[in-house]
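Examining the three-dimensional arrangement
Here is what each chain is made of, one letter per residue.
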Amino acid sequence: MERQTLENLTTREERSPYDVAEDVRGIKNGFVNIYFIGESQPGGKWVLIDTGTPSGADQILKKAREWFGDSNPPQAIVLTHGHFDHAGSLEALLKAWGTVPVYAHPLEMPFLQGKSHYPPPDPSVGGGAMAYMSWMFPTAPYNFGDRIRPIPADGLIPELPDWKVIHTPGHSPGHVSLFRESDRSLVAGDAFTNTDQNSAFAVMTQKQELHGPPAYFTIDWEAAKRSIQELAALNPTSAGTGHGKAIQGIQLPQLLEDLVLHFESREVPKGGRYVKQPVHSDEEGIVDMPAPISYHVTRILSIGVIVGTVMLLLGTKRKK
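Right, let's walk through the structure included here. (Residues numbered from 1 in each chain as written. Predicted model: local features only at pLDDT ≥ 70, side-chain atom pairs only at ≥ 80, totals over all residues. Heavy atoms only, no water.)

Assigned secondary structure in the chain consists of 10 helices and 13 strands. Across the 320 residues in the chain, those meeting the buried criterion constitute 54%. Considering only contacts in the chain between residues 6 or more positions apart, those separated by 24 or more positions represent 65%. In the structure as shown, the chain presents an accessible area of about 14700 Å², 55% of it carried by carbon and sulfur atoms. (Helix = DSSP H or I, 4+ residues; strand = E, 2+ residues; numbered from the N terminus. Buried < 20%, exposed > 50% of the residue type's maximum accessible area, 1.4 Å probe, protein only. Contact = heavy atoms within 4.5 Å. Areas by Shrake-Rupley, 256 points an atom, 1.4 Å probe, with all protein chains shown as cover.)

Take a look at the structure:
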């Protein structure tokens with residue numbers, strides 16, 4: 001039977017703007033997206049892509065029970081990368097589900113096995129409050145030991161036979177995306193986004209705009225551009241990203257090509273720690289990276305944003 005696309009679905013009442021295909025359902029967890037691959041039915045086989053923020057486990061467990069039944073853990077978990085907003089609930093989920101295979105790219109393993117911190121975020125890239133506040137985002141490694149398995153070199157995971165895992169570095173050394181040729185569905189992680197993740201306003205409103213990876217955590221801009229070029233060449237017709245709503249339609253490859261064409265002028269920051277020199281890393285972690293720069297101005301700006309937000313919330317509460 002030919003797989004249905006989202007455009008052809010008329011009977012499912014719970015269609016989400018984060019769904020990529022009938023069997024690729026997305027949810028927004030805080031400011032990041034998580035994907036469930038598998039037919040929604042009790043006892044059905046399924047795979048989880050990313051685990052969201054450290055507070056996201058309850059929401060994920062609830063949706064898993066709702067869509068796949070009680071006591072039915074995923075066949076596997078695949079991490080597009082290990083930043084705190086993509087691997088944050090992994091520990092809690094493994095406690096709930098027991099022994100579940102967890103896959104990540106070999107170049108991401110040192111950050112997931114306690115060997116190396118992630119490179120620090122770069123709040124000097126500007127672009128909005130999310131970027132300004134990024135100096136507060138955690139970069140300490142997780143230590144999942146041998147519970148993390150390396151994604152095979154051929155990009156084929158046994159629990160996802162219809163999908164190919166593609167190394168898409170730039171945002172992180174071992175970042176990966178997933179592509180299914182049969183319906184040209186793509187789960188891109190943070191290789192590109194469908195909202196301006198640097199802007200807190202865009203994050204809150206989920207305004208749809210195709211962008212490169214979140215700038216404050218991107219450590220190799222040339223690699224990031226090449227990764228988007230590689231994904232555009234696949235001619236995807238639907239894509240779920242780590243941030244922003246899903247993208248549908250045959251115009252998607254052209255949108256990606258346009259993103260590549262204007263990448264330097266629109267996406268690459270005018271200044272910043274990693275713009276002129278990328279981070280170099282290997283399977284043991286960071287090898288070398290550019291020297292730090294002063295974040296005094298951005299720290300002051302971010303503290304001002306936090307104080308202003310708190311005052312606004314307190315003022316709203318008093319009015320009520």
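What follows is about helix H1 (residues 57-68). Helix length check: H1 (12 residues) gives 16 Å between terminal C-alpha atoms against 16 Å at 1.5 Å per residue, within 8%. Listing the buried residues of H1 in full gives Ala57, Ile60, Leu61, Ala64, Trp67 and Phe68. Buried residues in H1, looked at end-on, bunch into an arc of 140°, giving them a common side. Residues of H1 that are exposed and point over 90 degrees away from its buried face: Asp58 and Lys62. (Expected span 1.5 Å × (residues − 1). Arc of directions from axis to C-beta.)

A few words now on the nonpolar core. Within the largest apolar cluster, 31 residues are counted, with the highest numbers of intra-cluster contacts made by Leu186, Phe192, Tyr216, Ile228 and Leu231. Where this core is concerned, the elements lending two or more residues are helix H5 (129-132), strand S9 (185-189), helix H6 (200-205), helix H7 (221-232) and helix H8 (252-261). Looking at this core element by element, the count peaks at five residues for H7. With residues near it in sequence (within four places) discarded, Leu231 still touches Ile166, Thr168, Ser177, Leu186, Ala188, Ala191, Phe192, Pro236 and Leu256. Judged by nonpolar contacts, the second largest core, of 25 residues, contains Phe36, Leu48, Leu93 and Leu112. (Core = buried A, V, L, I, M, F, W, Y, C linked by side-chain atoms within 4.5 Å.)

Tallied over the full model, the rule gives eight salt bridges. Here Glu264 and Lys225 are joined by a salt bridge, their closest N and O atoms 2.9 Å apart. Residue Glu264 is found in helix H9 (residues 263-266), and its partner Lys225 is found in helix H7; the two are separated by 39 residues along the sequence. Classification of Glu264 as partly exposed rests on a relative accessible area of 44%. Taken together, the shared-partner salt bridges connect Asp23, Arg180 and Asp183 into one network. (Salt bridge = Lys/Arg side-chain N within 4 Å of Asp/Glu carboxyl O.)

For strand S8 (residues 176-180), the buried fraction is high: five of the five residues fall into the buried class. Alternating residues of S8 divide into Val176, Leu178 and Arg180 and Ser177 and Phe179, and every residue in both groups is buried. Note: strand S7 (residues 164-167) against S8, four bridges, orientation antiparallel. Considered in S8, the bridge of His167 is made with Val176. (Pairing = 2+ DSSP bridges.)

Let us look at the environment of Thr195. Assignment of secondary structure puts Thr195 in the loop between S9 and H6. Judged by relative accessible area, Thr195 falls into the buried class, the value being 0%. A C-alpha to C-alpha distance of 6.2 Å links Thr195 and Gln206, two positions 11 residues apart in sequence. Look past the residues within four positions of Thr195 in its chain and what remains in contact with it is Ala202, Gln206, Lys207, Glu209, His211, His243 and Gly244.

Where H8 is concerned, the buried positions are Leu252, Pro253, Leu256, Leu259 and Val260. The buried residues of H8 all sit within an arc of 115° when viewed along its axis, so they share a single face. Exposed residues pointing more than 90 degrees away from the buried face of H8 are listed as Gln254 and Leu261. Residues of H8 that are buried in the fold lie against H7, strand S10 (238-241), strand S11 (247-248) and H9.

Now for the packing of aromatic side chains. Within this structure, the stated rule accounts for 12 aromatic pairs. Measuring from ring centre to ring centre gives 6.0 Å for Trp221 and Phe263, while their planes differ by 50°; the resulting arrangement is tilted. Note that Trp221 is positioned in helix H7 and Phe263 in helix H9, a separation of 42 residues in sequence. Members of the aromatic cluster, joined through ring pairs, are Phe31, Phe84, Phe137, Tyr216 and Phe217. (Phe/Tyr/Trp six-rings, centres within 6.5 Å; stacked < 30°, edge-to-face > 60°.)

Reading across from one edge, S1-S2-S3-S4-S5-S6 is the order of the six strands in this open sheet, with mixed pairing throughout. The open sheet terminates on both sides in strands that have one partner only, identified here as strand S1 (24-29) and strand S6 (148-150). Averaged over all neighbouring strand pairs, the angle between strand axes comes to 25°, with direction disregarded. Bridging between strand S5 (residues 102-104) and S6 involves three bridges; their strand directions are parallel. Within the sheet, the bridge partner assigned to Tyr103 lies in S6 and is Arg149. (Axes fitted to C-alpha atoms, helices over the stretch in contact; angles between N-to-C directions.)

Here the focus is the packing of H7 against H8. For the pair H7 and H8, interaxial distance at closest approach is 9 Å and the crossing angle is 160°. Accordingly, the angle class assigned to the pair H7 and H8 is roughly antiparallel. H8 is crossed by H7, and the crossing has left-handed handedness. Two secondary-structure elements touch here, H7 through Lys225, Ile228, Gln229, Leu231 and Ala232 and H8 through Pro253, Leu256, Glu257, Leu259 and Val260. For the contact of H7 with H8, the residue count by class is seven nonpolar, one polar and two charged. (Parallel < 35°, antiparallel > 145°, perpendicular 65-115°, else oblique. Left-handed = near helix turned anticlockwise from the far one by under 90°. Nonpolar A, V, L, I, M, F, W, Y, C, P; charged D, E, K, R; others polar.)

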